[in-house]
Protein chains: 2
Amino acid sequence: MTMTTTARLLNFGPGPAMLPAEVWEEASENLLSFGDSGIGIAELSHRSPEYGAVHADVEDRLRRLLGMGDDWAVLFLTGGASSQAFMVPMNLGTRGDYVVTGVWAKKALAEGKLLGDAHVAASSAETIFDHIPTDCDWRDDADFAHITSNNTIYGTQYHTFPETPSPLVVDASSDILSRPLDMSRFGLIYAGAQKNLGPSGVTVVFIRKALLERTPDTLPTMLRYTTHHEKNSLYNTPPTFPIYMVGLVAKWVENQGGLAAMAEHNAAKAKLIYDAMDASDLYIPHAATTDRSHMNVSWKLADDSLQQAFLDGAKAEGMVGLKGHRSIGGIRASIYNAMPAEGCKRLAEFMADFAARA
Amino acid sequence: MTMTTTARLLNFGPGPAMLPAEVWEEASENLLSFGDSGIGIAELSHRSPEYGAVHADVEDRLRRLLGMGDDWAVLFLTGGASSQAFMVPMNLGTRGDYVVTGVWAKKALAEGKLLGDAHVAASSAETIFDHIPTDCDWRDDADFAHITSNNTIYGTQYHTFPETPSPLVVDASSDILSRPLDMSRFGLIYAGAQKNLGPSGVTVVFIRKALLERTPDTLPTMLRYTTHHEKNSLYNTPPTFPIYMVGLVAKWVENQGGLAAMAEHNAAKAKLIYDAMDASDLYIPHAATTDRSHMNVSWKLADDSLQQAFLDGAKAEGMVGLKGHRSIGGIRASIYNAMPAEGCKRLAEFMADFAARA
């Protein structure tokens, strides 16, 4: 297939985020006919052998990448991380401990409070979420301990995970597949797809099978993790195209060398931008040095009045999506797996040039 | 763009179902860059002006097609019709009356029973859901009355809607946009997209705004219709690509002449197959004549042993997805909006030929 494509911009937006062009090219070739099946990928019955093979392949790739054994269930759900904020306490128990490291953690806590006895184990709210708290008040008898592994708005990230008395539940929406994880440390990991995994419309949930025993059978069928586990995420019609895309992205990650290679690549990409930031007094980092995220880099300009010129200048060089979240303003560069090193290099060079001219 | 495509089969599957080829062609051209934006359609931020315009356009087209005024809210949710089965009683009140006309109605009833005082107003279960009951025991003080407008498995369809003392709630997953609806008759209509609206991954909910006042604020945020109404279905990241596809399908329906034209077209398509069925004793219709669906045609062969030969013969002529649902067996032809009349004509001709040879 030949495509006459407009030049793609370097999209530093926080999500839905850029995905590798080759992934979209493969998808494009399968919209009207998946392989030689004569039926488009998103027109296949979710009960067909063709889609069944795709569905199984996506799960297999995620299991391989993260080293998940048979003690883990892999679920493909919908409703985003926002829905896991209430499904976790509904299924695991409503006595949850939360580390509040940003807007998404606060939202998860709020849903936990609606449903039961949610407790703040630690918070960095007082310093506008500029760091990851390490001194946490965990309860021995909590049903779970909830953290957000990467905080998109503030640009902080857990580089080591806490020891918790109750099963550790992680919202990994913005850094899943960006680095290896020691799965023995976790009870449940969830992630909306639209940053590192694929387009929006599917949420992956990795849950230790032992925790499935907690699901109350009084919950609506669709809200039980057990329903989706028992039916292989095919109880109802799943979001087949988004799931297919997650598979293409996972294949791409494998082709890049897997998660260890991605982690190295992402650290090097982030360093290019942090180095540019640290090299000039014009740039004021938001995150504490030790907790700097490799996925989202947040900073302000020392002179606020230069911000629009910065954004305009970057845009003129094909770099977009750099405006910080409205809650803290400033600049944010989201550099998920699919952002090439070349993109980070160009941004770093622009930052140096802009600082020199300012 | 030139595409080397495999010949597309005539896909009579019940869903995810075929969509018009031109819709996929347009989508394909926008995967790597939406128009000349330099960012793929599914890579646009859901907060971007570009996606915002798409989102608003999809809503506008649905409003125009169905003649919905300002007294209606249009929501784009996820979790399929299966999730509306519990969201309806959670939001509208748990005293629901249900007409049980098939598997999906039974599932909605089961969720209603889990949550409160669900009542069977009528059922056609005793005759394997071969008709739409008209004699219903509606309660004057119910919170809502729930029906399934089209029953995919059994091939029955409401051709006139009941008068009910409480607001009428309709699962229209398998016939939405197939015909005009007098919206003054309904309180809430929901539909999973994957039959007539688009790919799987988005659920549309049309709700009379007055009913939004019933939503309890004790519900988890994502489960409240009010959340999605107040935030224009952008409280969290919506399934942007599936929503975009719904817009392309709605545009295609408008280009076909709108819902009155679709209804005429669909009736004529269905007649081709029903006529072929009625012309031979080999074919035994499942649905009562008066309640025959224009979306799904279900029948058996008088001689069961010929079924596989029927399916194989159809497949040899490029017609697939005709196997009946496992719960009743037999043959089913799903002929949603996107199935061309030519497809129904070819199936009818095959049916006549097969009967003549049998």
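Residues numbered from 1 in each chain as written. Chains lettered and ligands numbered in written order. Predicted model: local features only at pLDDT ≥ 70, side-chain atom pairs only at ≥ 80, totals over all residues. Heavy atoms only, no water.

## What about the overall build of chain A?
Next up, step 1: Counting its secondary structure elements, chain A contains nine helices and 14 strands.
Next up, step 2: A compact globule built from 358 residues should have a C-alpha radius of gyration of about 21 Å, and chain A, at 21 Å, falls within 12% of that.
Next up, step 3: Projected onto its principal axes, the C-alpha positions of chain A cover 65 × 55 × 30 Å.
Next up, step 4: Counting over 358 residues, chain A shows a buried share of 63%.
Next up, step 5: Counting contacts in chain A only where the partners sit at least 6 residues apart, residues at least 24 apart contribute 64% of the total.
Next up, step 6: A gap of 3 Å separates the mean positions of the 30 positive and 42 negative side-chain charges of chain A. (Helix = DSSP H or I, 4+ residues; strand = E, 2+ residues; numbered from the N terminus. Rg over C-alpha atoms; globule rule 2.2 N^0.38 Å. Buried < 20%, exposed > 50% of the residue type's maximum accessible area, 1.4 Å probe, protein only. Contact = heavy atoms within 4.5 Å. Lys, Arg positive; Asp, Glu negative; His and termini not counted. Charge placed at Lys NZ, Arg CZ, Asp CG, Glu CD.)

## Details of the relation of the copies chain A and chain B
Next up, step 1: With an RMSD of 0.0 Å, the operation that places chain A on chain B is a rotation of 180 degrees combined with a shift of 0.0 Å along the axis. Both chain copies can therefore be described as sitting about a two-fold axis. Looking at the rotation axis and the C-alpha trace of chain A, the residue lying nearest is serine 28 of chain A, at 2.6 Å. (Least-squares fit on C-alpha atoms with pLDDT ≥ 70 in both.)

## With respect to the interface of chain A and chain B
Next up, step 1: Taken together, the contact between chain A and chain B spans 65 residues of the former and 64 residues of the latter.
Next up, step 2: When the two sides are added together, the surface that chain A and chain B hide from each other amounts to roughly 5,000 Å², 61% of it contributed by carbon and sulfur.
Next up, step 3: Our count for the contact surface shared by chain A and chain B stands at two salt bridges.
Next up, step 4: A salt bridge links arginine 8 of chain B to glutamate 43 of chain A; the shortest N-O distance between them is 2.8 Å.
Next up, step 5: Across the chain A-chain B interface, the total number found is 26 residue pairs in polar contact (both at pLDDT 80 or more).
Next up, step 6: Elements represented by at least two residues in the side of chain A that touches chain B include exactly α1 (21-29), α3 (80-92), α4 (103-115) and α6 (240-255) of chain A.
Next up, step 7: Across the side of chain A that touches chain B, the residue classes break down as 30 nonpolar, 27 polar and eight charged. (Buried area = accessible area lost by both parts, 1.4 Å probe. Salt bridge = Lys/Arg side-chain N within 4 Å of Asp/Glu carboxyl O. Polar contact = N/O pair within 3.5 Å; in protein donor to acceptor, adjacent residues only side chain to side chain. Nonpolar A, V, L, I, M, F, W, Y, C, P; charged D, E, K, R; others polar.)

## Regarding the sheet that holds strand β9 (residues 188-192) of chain A
Residue and element names in this part refer to chain A.
Next up, step 1: In space, the seven strands of this open sheet follow the order β2-β10-β9-β8-β5-β3-β4, with mixed pairing throughout. The sheet terminates laterally at β2 (72-77) and β4 (119-123), the two strands that pair on one side only. Adjacent strand axes in the sheet meet at a mean angle of 15 degrees, parallel and antiparallel pairs treated alike.
Next up, step 2: Of the strand pairs in this sheet, β2 and strand β10 (residues 203-208) are connected by six bridges, and their pairing is antiparallel. Of the residues in β10, the one forming a bridge with leucine 77 is threonine 203. (Pairing = 2+ DSSP bridges. Axes fitted to C-alpha atoms, helices over the stretch in contact; angles between N-to-C directions.)

## Digging into the domain arrangement of chain A
Residue and element names in this part refer to chain A.
Next up, step 1: Per the domain assignment, the segments making up chain A are domain 1 (25-255) and domain 2 (259-357).
Next up, step 2: The interface of domain 1 with domain 2 comprises 25 residues on the first partner and 24 residues on the second.
Next up, step 3: Both faces considered, domain 1 and domain 2 share a buried interface measuring about 2,000 Å² in area, 58% of it formed by carbon and sulfur atoms.
Next up, step 4: Where domain 1 touches domain 2, the interface holds zero salt bridges. (Domains from an automatic or database assignment.)

## Overview of the nonpolar core
Next up, step 1: Membership of the largest hydrophobic core comes to 118 residues, with the highest contact counts inside it found for Leu62, Phe206 and Phe241 of chain A together with Leu62, Phe206 and Phe241 of chain B.
Next up, step 2: The contact partners of leucine 62 of chain B, leaving out residues within four places of it in the chain, are Met68, Phe76, Leu177, Leu197, Val204, Phe206, Val246 and Ala250 of chain B.
Next up, step 3: Of all hydrophobic cores here, the second largest spans 66 residues; its members include Leu188 and Leu219 of chain A together with Tyr98 and Ile153 of chain B. (Core = buried A, V, L, I, M, F, W, Y, C linked by side-chain atoms within 4.5 Å.)

## Side note on the packing of aromatic side chains
Next up, step 1: Per the counting criterion, the structure on display carries 25 aromatic pairs over all chains.
Next up, step 2: On the basis of an interplanar angle of 65 degrees and a centroid distance of 5.1 Å, the ring pair of phenylalanine 310 of chain B and phenylalanine 350 of chain B is categorised as edge-to-face. Remark: phenylalanine 350 of chain B occurs in helix α9 (residues 341-357) and phenylalanine 310 of chain B occurs in helix α8 (residues 307-316); sequence separation between them is 40 residues.
Next up, step 3: Taken together, a centroid distance of 5.2 Å and an interplanar angle of 80 degrees make the contact between phenylalanine 310 of chain B and phenylalanine 354 of chain B edge-to-face. Linking phenylalanine 310 of chain B in helix α8 with phenylalanine 354 of chain B in helix α9, this pair joins segments that are 44 residues apart in sequence.
Next up, step 4: Here the aromatic residues Phe34, Phe241 and Tyr244 of chain A together with Phe34, Phe241 and Tyr244 of chain B are joined through ring pairs into a cluster of three or more. (Phe/Tyr/Trp six-rings, centres within 6.5 Å; stacked < 30°, edge-to-face > 60°.)

## Regarding the packing of helix α7 (residues 258-278) of chain A against helix α9 (residues 341-357) of chain A
Residue and element names in this part refer to chain A.
Next up, step 1: Remark: α7 packs on α9, axes separated minimally by 8 Å, with the N-to-C direction vectors making an angle of 5 degrees. The angle between α7 and α9 places the two elements in the roughly parallel class. Contacts from His265, Lys269, Leu272, Ile273, Ala276 and Met277 in α7 reach Ala341, Cys344, Lys345, Leu347, Ala348 and Met351 in α9.
Next up, step 2: Taken together, the residues of the contact of α7 with α9 break down into nine nonpolar, one polar and two charged. (Parallel < 35°, antiparallel > 145°, perpendicular 65-115°, else oblique.)

## A closer look at unusual backbone geometry
Next up, step 1: Backbone torsion omega between glycine 15 of chain A and proline 16 of chain A reads -10 degrees, so that peptide bond is classified as cis.
Next up, step 2: Its place among the elements puts proline 16 of chain A in the loop between β1 (10-11) and α1.
Next up, step 3: Despite not being glycine, isoleucine 128 of chain B shows a phi value in the positive range, around 50 degrees.
Next up, step 4: Looking at the element boundaries, isoleucine 128 of chain B is found in the loop between β4 (119-123) and β5 (144-148).
Next up, step 5: With a phi close to 55 degrees, phenylalanine 129 of chain B is a non-glycine residue in the positive phi region.
Next up, step 6: Turning to its location among the elements, phenylalanine 129 of chain B is positioned in the loop between β4 and β5.

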